[in-house]
Amino acid sequence: YTLSLHDAFPIMATGDSYTNVKKMVSGYNDFAKQLGATTTEVSAGASDWLRQGKSIAETNKLIQDSMVLSKVANVSSEDATQYLTAMMKGYRKAADEVSSINDSLTSIDLAAAVDAGGLADATSRVAATADLAGVSLNKLLGYEAAVGEASQESMSVIGNSFKTIFSRMADIKSDKLELIDEDGTIETISDVETVLKNVGIELRSSTNEFRGFDDVLDDTAKKWKNLSSVQRAAVSKAFAGQRQANRFQLLMENYDTALAYEKIANESSGTAMQKFNDAYLNSIEAKQKSLQASFEGLSVNLISRDSIGGILDATQALVEFLDKTNLLKGALA
């Protein structure tokens, strides 16, 4: 395993000098030891955020959020950054609001039969269209968790399903004359609205103003138990199209559960960091990576670039030797 500043933190991300980047990486090395991560993980995350135009202050905050999500959701730091980026942009969140996203994901992970990584994946796929449809982040997480738990399908599939449903509602809001379903079926907006009006569901608050989609779904869920099977099928197809109708029905049938998960997310402040501290920082992985970060700190602060590769190669050889001969296990015993 070799580390160079060029590998760990591309200078192109900041356009800065090697000396200044070295100082930044030294700071990230301290950060890595605190977070139970490697300098490579932390600095690569910093590079990703800086490439998006974030300031140094914003980047330092977002690095921690990425690493916390990575560890509590058991996903790579790259995936954690990708998920958080999509959710930030989709819901137009500022850097200081991202920790609340982690809290929401973690709290539902602890309560539902879905995991934070899957929820983050699903939400990253649908965040922008959900926001346009007027569905809050925590309500979306509740929807996804309820349907994912009931169906036991891949959360990426659930995310794409909601993206289709919300895109359909966005088409209705934009007053398109026709809706083209995933199977090529063409419907008119007037037909969709007629189906919903027949069971007392209003999409509009006035002739020219559409209601928030979450309010419409709340009303639909209240009426759901009193609808016939034929009406339920028609309403599901009106909202979701033919291919996603079954998942829409699952949402309606588990809507109380979805609202319960939304409430949990709304009351989740501090959950992610608590789980990170309790479940990760005391783990063998965290201590191992902190030790690795200590070696990386030596390479960054004391050793020339030309010497780094050889020293870390020798360190890896020592670790492999200990592993293969079980010497460390024997010493611990």
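Parameters at a glance
- Residues numbered from 1 in each chain as written.
- Predicted model: local features only at pLDDT ≥ 70, side-chain atom pairs only at ≥ 80, totals over all residues.
- Heavy atoms only, no water.
- Helix = DSSP H or I, 4+ residues; strand = E, 2+ residues; numbered from the N terminus.
- Buried < 20%, exposed > 50% of the residue type's maximum accessible area, 1.4 Å probe, protein only.
- Contact = heavy atoms within 4.5 Å.
- Areas by Shrake-Rupley, 256 points an atom, 1.4 Å probe, with all protein chains shown as cover.
- Salt bridge = Lys/Arg side-chain N within 4 Å of Asp/Glu carboxyl O.
- 1 Å grid on protein atoms, 1.4 Å probe; cavity = no way out; pocket = protein on both sides within 12 Å on 5 of 7 lines; lining within 4 Å.
- Points joined across faces, edges and corners; volume = space filled by probe spheres on them.
- Nonpolar A, V, L, I, M, F, W, Y, C, P; charged D, E, K, R; others polar.
- Axes fitted to C-alpha atoms, helices over the stretch in contact; angles between N-to-C directions.
- Parallel < 35°, antiparallel > 145°, perpendicular 65-115°, else oblique.
- Core = buried A, V, L, I, M, F, W, Y, C linked by side-chain atoms within 4.5 Å.
- Expected span 1.5 Å × (residues − 1).
- Bend = angle between axes of the 7 residues up to and from the residue.
- Polar contact = N/O pair within 3.5 Å; in protein donor to acceptor, adjacent residues only side chain to side chain.
- Phe/Tyr/Trp six-rings, centres within 6.5 Å; stacked < 30°, edge-to-face > 60°.

Colleague: Describe the overall build of the protein chain, with residues and values.
Modeller: Counting its secondary structure elements, the protein chain contains 17 helices and four strands. Counting the 333 residues in the protein chain, one finds 47% classified as buried. Within the protein chain, contacts between residues at least 6 apart in sequence are counted, and of these 67% link residues at least 24 apart. For the protein chain, the exposed area adds up to about 15800 Å²; of that, 51% sits on carbon and sulfur atoms.

Colleague: With reference to specific residues and values, describe the pattern of salt bridges.
Modeller: Oppositely charged side chains can pair when the atoms bearing their charge come close. For the structure on display, the rule yields eleven salt bridges. Arg92 is the partner of Asp131 in a salt bridge, and the nearest nitrogen-oxygen pair spans 2.4 Å. Linking Asp131 in helix α7 (residues 116-132) with Arg92 in the loop between α5 (77-91) and α6 (98-111), this pair joins segments that are 39 residues apart in sequence. Asp131 sits in the buried class, given a relative accessible area of 18%. By sharing partners, the salt bridges in this structure join Glu41, Lys71 and Glu285 into a single network.

Colleague: Help me get a handle on the layout of surface pockets, residues and values and all.
Modeller: Size it by volume and the second largest pocket reaches roughly 180 Å³. For the lining of the second largest pocket, the secondary-structure elements that each account for two or more residues are α11 (213-224), α12 (229-253) and α13 (255-266). Top element by residues in the lining of the second largest pocket is α11. It accounts for four residues. The class makeup of the residues in the lining of the second largest pocket is five nonpolar, one polar and five charged.

Colleague: Summarise the packing of helix α4 (residues 56-73) against α6; cite the residues concerned and give the values.
Modeller: When two helices pack together, their arrangement is given by the angle between the helix axes and the distance between those axes. Viewed as axis vectors pointing N to C, α4 and α6 meet at an angle of 10 degrees, and their least axial separation amounts to 9 Å. Classified by the interaxial angle, the pair formed by α4 and α6 is roughly parallel. Touching Lys61, Leu62, Asp65, Val68, Leu69 and Val72 of α4 are Val98, Ser99, Asn102, Leu105 and Thr106, all from α6.

Colleague: Give a description of the nonpolar core that names residues and reports values.
Modeller: In globular proteins that are soluble, nonpolar side chains generally tend to be buried together. In this structure, Phe166, Phe213 and Phe239 are the most contacted members of the largest nonpolar core, which totals 63 residues. Once residues within four sequence positions are removed from consideration, Phe166 is found in contact with Val126, Thr129, Ala130, Ala133, Val135, Leu140, Tyr143 and Phe213. Counting residues in hydrophobic clusters, the runner-up holds 18 residues, among them Met24, Tyr28, Leu50 and Phe276.

Colleague: Any details on unusual backbone geometry? Residues and values, ideally.
Modeller: The phi angle at Asn74 is positive, at roughly 60 degrees, despite the residue not being glycine. Tracing the backbone shows Asn74 in the loop between α4 and α5. Residue Asn74 is classed as exposed on the basis of its relative accessible area, which comes to 72%. At Gln152, a position not held by glycine, the phi torsion is positive, near 55 degrees.

Colleague: How would you summarise α12 if you had to cite specific residues and measurements?
Modeller: Its 25 residues place the ends of α12 only 12 Å apart at the C-alpha level, less than the 36 Å of an ideal helix rising 1.5 Å per residue. At Gln244, α12 is bent by approximately 125 degrees, the largest bend along its length.

Colleague: I'd like to hear about the side chain of Lys71, residue by residue, with values.
Modeller: You can see Lys71 is positioned in helix α4. A polar contact of 3.4 Å, which involves the side chain of Lys71, links it to the side chain of Glu41. Ignoring anything within four residues of it in the chain, the contact list for Lys71 reads Gly36, Glu41, Phe276, Tyr280, Glu285 and Lys289.

Colleague: Any chance you could break down the environment of Leu110 for me, citing the residues and the numbers?
Modeller: Looking at the element boundaries, Leu110 is found in helix α6. Taking the C-alpha atoms as reference points, Leu110 and Thr271, 161 residues apart in sequence, are found 9.5 Å from one another. Not counting residues up to four positions away in its chain, the partners in contact with Leu110 are Thr271 and Lys275.

Colleague: Explain the environment of Leu140 to me, using residue names and the numbers behind them.
Modeller: Position of Leu140 relative to the elements: it lies in helix α8 (residues 137-151). Note on Leu140: relative accessible area 0%, which makes it buried. Here the alpha-carbon distance between Leu140 and Ala130, two residues ten residues apart in the chain, equals 7.4 Å. Discounting residues that sit within four places of it in the chain, Leu140 has contacts with Tyr91, Thr123, Val126, Ala130, Val135 and Phe166.

Colleague: Tell me what's going on with the packing of α11 against α12, and back it up with residues and numbers.
Modeller: It is at 12 Å that the axes of α11 and α12 come closest, and there the two elements cross at 70 degrees. If you check the angle between α11 and α12, you find them roughly perpendicular. For the pair formed by α11 and α12, the contact residues are Phe213, Val216, Leu217, Thr220, Ala221 and Trp224 on the first element and Arg232, Val235, Ser236, Phe239, Phe248, Gln249, Leu251, Met252 and Glu253 on the second. Its residues assigned to classes, the contact of α11 with α12 shows ten nonpolar, three polar and two charged.

Colleague: Let's hear about the packing of aromatic side chains: which residues, and what values?
Modeller: Applying the stated criterion to the full structure yields eight aromatic pairs. Where Phe213 meets Phe239, the ring centres are 5.8 Å apart and the plane angle is 45 degrees; that geometry is what we call tilted. With Phe213 in helix α11 and Phe239 in helix α12, the pair connects residues that are 26 residues apart, well separated along the chain. When its relative accessible area of 3% is taken as the criterion, Phe213 is described as buried. Ring plane angle 70 degrees and centroid distance 6.4 Å describe the contact between Trp224 and Phe248, whose orientation is recorded as edge-to-face. Linking Trp224 in helix α11 with Phe248 in helix α12, this pair joins segments that are 24 residues apart in sequence. Taken as a pair, Trp224 and Phe248 share a single burial class, namely buried. Three or more aromatic residues joined by ring pairs form one cluster here, namely Tyr143, Phe162, Phe166, Phe213, Trp224, Phe239, Phe248 and Tyr255.

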